[in-house]
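Observations on chain architecture
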Amino acid sequence: MLYAYSIYLDICQPSLTILAWPSSAIAVGLITEPEQAEAIIESGQANTVALARAMLYDPRWPWHAAATLGAQVVAPNQYLRSQPREYKSLFKG
């Protein structure tokens, strides 16, 4: 398993293509925006994006990222009433 800080992703992606066995690369560090994380995954630079400070600052970062990227979140029933007005289709439950 490879770990690459977002500033070293140019090294990580070629390693994924060189390795002959199924492998995974995790991008870590300085990843704060949903679009940044999505671009890393879509470009094949890494298989996974790990968040630390962004999650400490905003524990609902995945929900906010889903709203920003137009995705949906499966939420427990008790959260359904807290869905933001501007994102009417964020929660599916």
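Anything mentioned here points back to the structure above.
Everything numeric here is computed off the predicted structure, so don't read it as measured data.

**A closer look at the overall build of the chain**
- When helices and strands are counted, the chain shows four helices and five strands.
- Secondary structure elements of the chain occur, N-terminal to C-terminal, as β-α-β-α-β-α-α-β-β.
- Taken over 93 residues, the chain has a buried fraction of 27%.
- Long-range pairs, those at least 24 residues apart, make up 29% of the contacts in the chain between residues at least 6 apart in sequence.
- Looking at the chain as shown, the accessible area adds up to about 6600 Å², and 56% of this sits on carbon and sulfur atoms.

**So, helix α2 (residues 34-43)**
- Inspection of α2 places Pro 34, Ala 37 and Ile 40 among the buried residues, and these make up the whole buried set. Viewed end-on, α2 has its buried residues packed into an arc of 130°, placing them on one side of the element.
- Downstream of α2 by one or two residues, Gly 44 has phi in the positive range, about 80°.

**So, the packing of α2 against helix α4 (residues 61-69)**
- Running from amino to carboxyl end, α2 crosses α4 at an angle of 80°, the nearest separation of the two axes being 9 Å. Considering their axes alone, α2 and α4 lie roughly perpendicular with respect to each other. Across the interface between the two elements, Pro 34, Glu 35, Ala 37 and Glu 38 from α2 touch Trp 61, Ala 65, Thr 68 and Leu 69 from α4.
- Classifying every residue of the contact of α2 with α4 by side-chain character gives five nonpolar, one polar and two charged.

**Remarks on α4**
- The set of residues buried in α4 consists of Trp 61, Trp 63, Ala 65, Ala 66 and Ala 67.
- Tucked into the core, α4 has its buried residues touching α2, α3 (53-57), β4 (73-74) and β5 (91-92).
- Of the residues flanking the end of α4, it is Gly 70, one or two places downstream, whose phi is positive at about 80°.

**Concerning the layout of surface pockets**
- Approximately 200 Å³ is the volume found for the largest pocket.
- As for the largest pocket, its lining consists of eleven residues, of which Gly 29, Leu 30, Ile 31, Ala 52 and Arg 53 are closest to the centre.
- Among the residues making up the lining of the largest pocket, the classes are represented as eight nonpolar, two polar and one charged.

**Some thoughts on the environment of Glu 86**
- Within the element layout of this structure, Glu 86 appears in the loop between β4 and β5.
- Residues Glu 86 and Ala 67, 19 residues apart in the sequence, show an inter-C-alpha distance of 9.3 Å.

**Here we look at the packing of aromatic side chains**
- The final tally for this structure, using the stated rule, is two aromatic pairs.
- Arranged with centres 4.9 Å apart and planes meeting at 70°, the rings of Trp 63 and Phe 91 form a pair that is edge-to-face. Highlighted residues: Trp 63 in helix α4 and Phe 91 in strand β5, separated in sequence by 28 residues. Comparing Trp 63 with Phe 91, the two get one shared label, buried.
- An aromatic cluster of three or more residues is present, and its members are Trp 63, Tyr 79 and Phe 91.

What counts, and at which threshold
Residues numbered from 1 in each chain as written. Predicted model: local features only at pLDDT ≥ 70, side-chain atom pairs only at ≥ 80, totals over all residues. Heavy atoms only, no water. Helix = DSSP H or I, 4+ residues; strand = E, 2+ residues; numbered from the N terminus. Buried < 20%, exposed > 50% of the residue type's maximum accessible area, 1.4 Å probe, protein only. Contact = heavy atoms within 4.5 Å. Areas by Shrake-Rupley, 256 points an atom, 1.4 Å probe, with all protein chains shown as cover. Arc of directions from axis to C-beta. Axes fitted to C-alpha atoms, helices over the stretch in contact; angles between N-to-C directions. Parallel < 35°, antiparallel > 145°, perpendicular 65-115°, else oblique. Nonpolar A, V, L, I, M, F, W, Y, C, P; charged D, E, K, R; others polar. 1 Å grid on protein atoms, 1.4 Å probe; cavity = no way out; pocket = protein on both sides within 12 Å on 5 of 7 lines; lining within 4 Å. Points joined across faces, edges and corners; volume = space filled by probe spheres on them. Phe/Tyr/Trp six-rings, centres within 6.5 Å; stacked < 30°, edge-to-face > 60°.

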